[in-house]
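Chain residues, written in single-letter form:
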Amino acid sequence: MARGVPRSMASLTGRWRIVEMSGWDRDAIDLVEPGFIEFTRDGGGQFGFIAVRGELDCRPAERDGRVGVEFTWDGDDEGDQVSGRGWAYLVDDAKVEGHLFFHMGDDSSFRAEPFARAERLDG
């Protein structure tokens, strides 16, 4: 059943570059490809960092007046099936902060920025 993302969340949709995680350094985050998290208008999304890829099932949420999502995810870590949950909130128009949990495993906070801005900082 498809569901739309509320209008208030429109600024969160899109692909964000993961620039920092509490559990792993930048070299690890970008091991296979530049780390990212993406939110789609239909309440889905995906992420990738290290050798982990996941598909998101998002629900609108608000925390301290900030627009965001809480999500569950299902994915792959070097061929092993993995899953978990997490949350992400728009801090301002140029930053997303959140936390990602692996079911019965690691967890890490993360910070992400729009891809264009993050690429300028990398260069």
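Position numbers for residues count from 1 along each chain, tracking the sequence in the order it is written. Local features in a predicted model are, by the rule used here, given only for residues with pLDDT of at least 70; side-chain atom pairs are given and counted only at 80 or more, and totals for whole chains, interfaces and linings are based on all residues. Hydrogens are left out, water is left out, and the side-chain values use all remaining heavy atoms of the structure.

Caption draft 1: Spotlight on the pattern of salt bridges. Any Lys or Arg side-chain nitrogen found within 4 Å of a carboxyl oxygen on Asp or Glu counts as a salt bridge. Tallied over the full model, the rule gives seven salt bridges. Among the salt bridges present, the one from Glu33 reaches Arg53, with a minimum N-O distance of 2.6 Å. With Glu33 in the loop between helix H1 (26–29) and strand S2 (36–39) and Arg53 in strand S4 (residues 52–63), this residue pair connects regions lying 20 residues apart in the sequence. The residue Arg59 makes a salt bridge to Asp57 at a minimum N-O spacing of 2.6 Å. Residue burial is assigned from relative accessible area. The probe radius is 1.4 Å, only protein chains are included, and a residue is buried under 20% of its type maximum, exposed over 50%, and partly exposed in between. The partly exposed category is assigned to Arg59, whose relative accessible area is 42%. Look at Asp57 and you get partly exposed, because its relative accessible area is 31%. A cluster of three or more residues bridged by salt bridges with shared partners is formed by Arg17, Arg26 and Asp30. A run of H or I in DSSP counts as a helix once it spans at least four residues, and a run of E counts as a strand once it spans at least two, with each numbered from the N terminus.

Caption draft 2: Looking closely at the packing of aromatic side chains. Each pair of aromatic rings taken from Phe, Tyr and Trp, with Trp reduced to its six-membered ring, is defined by centres within 6.5 Å and is described as stacked if the planes are under 30 degrees apart, edge-to-face if over 60, and tilted in the remaining cases. Taken as a whole, this structure holds seven aromatic pairs when the rule is applied. Between Phe47 and Trp73, the aromatic rings sit 5.0 Å apart at their centres with planes inclined by 85°, giving edge-to-face as the arrangement. Residue Phe47 is located in strand S3 (residues 44–49), and its partner Trp73 is located in strand S5 (residues 66–77); the two are separated by 26 residues in the primary sequence. Judged on exposure class, the residue Phe47 and its partner Trp73 are both buried. Every member of this aromatic cluster is reached through a ring pair, and the members are Trp24, Phe47, Phe49, Trp73 and Phe102. The ring of Phe36 has Arg15 sitting right over it, with the charged end atom 3.9 Å from the ring centre. Throughout this description, the term charge over a ring refers to an Arg CZ or Lys NZ atom that lies within 6 Å of the ring centre and within 35 degrees of the ring normal.

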